[in-house]
Amino acid sequence: ARGGGWISSLRDAKADQREKALEAAFKAFDDDACGKVHKDDLTAVAKKLGKPSEQIIDLFMRFDGNGDNEIEFEEFKQMVKEVEKLKGEDLSTWDSLLELGPLE
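These figures come from a predicted structure and were not determined experimentally.

**Topic: the packing of aromatic side chains**
Summed over the entire model, instances satisfying the criterion amount to 5 aromatic pairs. A centroid spacing of 6.2 Å and a plane angle of 50 degrees characterise the contact between F29 and F76, whose relative ring orientation is tilted. Here F76 lies in helix 5 (residues 73-85) and F29 lies in helix 2 (residues 15-29), a separation of 47 residues in the sequence. Residue F29 is classed as buried on the basis of its relative accessible area, which comes to 1%. Site record: aromatic cluster; members linked through ring pairs are F26, F29, F60, F73 and F76.

**A word on helix 3 (residues 39-49)**
Turning to helix 3, its buried residues number three or more, namely D41, L42, V45 and A46. Down the axis of helix 3, the buried side of the element spans an arc of 130 degrees, and every buried residue falls inside it. Facing away from the buried side of helix 3 by more than 90 degrees, the exposed set consists of D40, K47 and K48. For helix 3, the elements touching its buried residues are helix 2, strand 1 (37-38) and helix 4 (53-61).

**Notes on unusual backbone geometry**
With a phi close to 55 degrees, A33 is a non-glycine residue in the positive phi region. Structurally, the position occupied by A33 is in the loop between helix 2 and strand 1. Positive phi outside glycine occurs at N69, with the angle close to 65 degrees. Within the fold, N69 resides in the loop between helix 4 and strand 2 (70-71).

**With respect to the nonpolar core**
Ranked by internal contacts, the top residues of the largest apolar core, which has 20 residues, are F29, V37, L42, F60 and F76. Sorting the residues of this core by element identifies helix 2, helix 3, helix 4 and helix 5 as the ones contributing at least two each. Once residues within four sequence positions are removed from consideration, L42 is found in contact with F29, V37, I56, I57, F60 and M61.

**Considering the environment of H38**
Looking at where H38 falls in the secondary structure, it is placed in strand 1. Taking the C-alpha atoms as reference points, H38 and M61, 23 residues apart in sequence, are found 8.9 Å from one another. Apart from the residues within four sequence positions on either side, H38 is in contact with D32, N69 and E70.

The rules behind the values
Residues numbered from 1 in each chain as written. Predicted model: local features only at pLDDT ≥ 70, side-chain atom pairs only at ≥ 80, totals over all residues. Heavy atoms only, no water. Phe/Tyr/Trp six-rings, centres within 6.5 Å; stacked < 30°, edge-to-face > 60°. Helix = DSSP H or I, 4+ residues; strand = E, 2+ residues; numbered from the N terminus. Buried < 20%, exposed > 50% of the residue type's maximum accessible area, 1.4 Å probe, protein only. Arc of directions from axis to C-beta. Contact = heavy atoms within 4.5 Å. Core = buried A, V, L, I, M, F, W, Y, C linked by side-chain atoms within 4.5 Å.

By themselves, these observations are geometric and do not establish any function.
If you want it as structure tokens, here you go:
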């Protein structure tokens, strides 16, 4: 990986490593282990990370494709893919928001 955090290192990951990393990250946000990430999960995770929950909720809900106020794994993967495409933005901002650390 090029260094940096989790989002940055995903760009260099092999497909199987990438899928496992995405699953682990999704589970980290699925605080109640129900298989979907909802606002209560995001509030709990934000509190653990010491981040403002509104910022994390806003980020995730932009990718709520079906409008059910929950993020399913496929929507989560789409969110990460879109974040990876950002060219002009410093990915360290996203890495610090998610704070998952680089892939191992």
